[in-house]
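Each chain is listed here by its residues.
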Protein chains: 2
Amino acid sequence: METITWSSEERQIAQTAFKKAYRREVQSLIEYVQTQAGSITEVNDLWQLHDLLSARRHQLDGKYDSRDASLVFVFAELVKQKLLAVEELEGINPDKLTKIVALSRM
Amino acid sequence: METITWSSEERQIAQTAFKKAYRREVQSLIEYVQTQAGSITEVNDLWQLHDLLSARRHQLDGKYDSRDASLVFVFAELVKQKLLAVEELEGINPDKLTKIVALSRM
């Protein structure tokens, strides 16, 4: 696969977009955890919350991969999950944006 | 170390006491988790809650060990942690109770 290079301006836009998406994802997870915690009544509910946190922590650790070769795929996933709007990637080269949009629809 | 044997009546009392202590410990953990969850504001708080659940799950899995050779030690720990009152072990042989109380003060 070809290597996609990112200019320093694009990296700056990417970093800002990453932070936005991450904050949104974390905020949504916090709200979900608080709702789940509020409805705990027995020990299995506790361990379900634990399993959820284990899975989401693992997933979040791997997801926000900012290496050049990963960025298009990560942004496609974030757009797909509605954690980012394509408009928030404005300033990134149109070829990359086209790839991101196409991948986000898969 | 000598093997301590438990009669079937004692085992019955032990099982009931185990369940009581377990319920109390779980209930206290649920309340703690709900309080912690309520004060989550950022991602590190989420992972702190996750770490807490990991530790407590591991600890609870190992703690309620109902093998004859473990019971005295487990009850001593439960009494020490105020999850059980000695009176709730009434019916268990006085020698065992003396050991439990002595160990609970260590």
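Residues numbered from 1 in each chain as written. Chains lettered and ligands numbered in written order. Predicted model: local features only at pLDDT ≥ 70, side-chain atom pairs only at ≥ 80, totals over all residues. Heavy atoms only, no water.

Observations concerning the nonpolar core
Move 1: Ranked by internal contacts, the top residues of the largest apolar core, which has 62 residues, are Phe75 of chain A together with Phe75 of chain B.
Move 2: The set of elements that each furnish at least two residues to this core consists of helix H1 (8-38), helix H2 (43-63), helix H3 (68-80) and helix H4 (94-104) of chain A together with helix H1 (8-38), helix H2 (43-63), helix H3 (68-80) and helix H4 (94-104) of chain B.
Move 3: Excluding residues within four positions of it along the chain, Phe75 of chain B makes contact with Trp6, Ala14, Ala17, Phe18, Leu84, Leu89 and Ile100 of chain B. (Core = buried A, V, L, I, M, F, W, Y, C linked by side-chain atoms within 4.5 Å. Buried < 20%, exposed > 50% of the residue type's maximum accessible area, 1.4 Å probe, protein only. Helix = DSSP H or I, 4+ residues; strand = E, 2+ residues; numbered from the N terminus. Contact = heavy atoms within 4.5 Å.)

Thoughts on the relation of the copies chain A and chain B
Move 1: Overlay of chain A on chain B (RMSD 0.0 Å): rotation 180°, translation along the axis 0.0 Å. With respect to symmetry, the two chain copies, as superposed, fit the operation of a two-fold axis.
Move 2: In this assembly the copies share their binding face: 100% of the residues contributing to the interface of chain A also contribute to that of chain B. (Least-squares fit on C-alpha atoms with pLDDT ≥ 70 in both.)

Brief notes about the confidence of the model for chain A
Move 1: Across chain A, pLDDT averages 94, with 97% of residues at or above 70.
Move 2: Here the predicted complex carries an ipTM of 0.85, next to a pTM of 0.87. (pLDDT = per-residue confidence, 0-100.)

Focus on the packing of H1 of chain A against H2 of chain A
Residues and elements named next belong to chain A.
Move 1: At their nearest, the axes of H1 and H2 sit 11 Å apart, and the two run at 175° to each other. Relative to H2, the element H1 lies roughly antiparallel. Residues Tyr22, Glu25, Leu29, Tyr32, Val33, Gln36 and Ala37 of H1 pack against Leu49, Leu52, Leu53, Arg56, Gln59, Leu60 and Lys63 of H2.
Move 2: Each residue belonging to the contact of H1 with H2 can be placed in one class, and the counts come to nine nonpolar, two polar and three charged. (Axes fitted to C-alpha atoms, helices over the stretch in contact; angles between N-to-C directions. Parallel < 35°, antiparallel > 145°, perpendicular 65-115°, else oblique. Nonpolar A, V, L, I, M, F, W, Y, C, P; charged D, E, K, R; others polar.)

So, the interface of chain A and chain B
Move 1: Chain A puts 23 residues into the contact, and the matching count from chain B is 23 residues.
Move 2: Buried area between chain A and chain B, summed over both chains or domains, comes out near 1900 Å², and the portion from carbon and sulfur atoms is 71%.
Move 3: The three residues of chain A that bury the most area against chain B are Trp47, His50 and Arg57 of chain A, which together make up 33% of that side's buried surface.
Move 4: Linking chain A with chain B are two salt bridges.
Move 5: Between Asp51 of chain A and Arg57 of chain B there is a salt bridge whose closest N-O contact spans 2.8 Å.
Move 6: Looking at the side of chain A that touches chain B, the elements with two or more residues in it are H1 and H2 of chain A.
Move 7: Here the element with the most residues in the side of chain A that touches chain B is H2 of chain A; it accounts for 11 residues. (Buried area = accessible area lost by both parts, 1.4 Å probe. Salt bridge = Lys/Arg side-chain N within 4 Å of Asp/Glu carboxyl O.)

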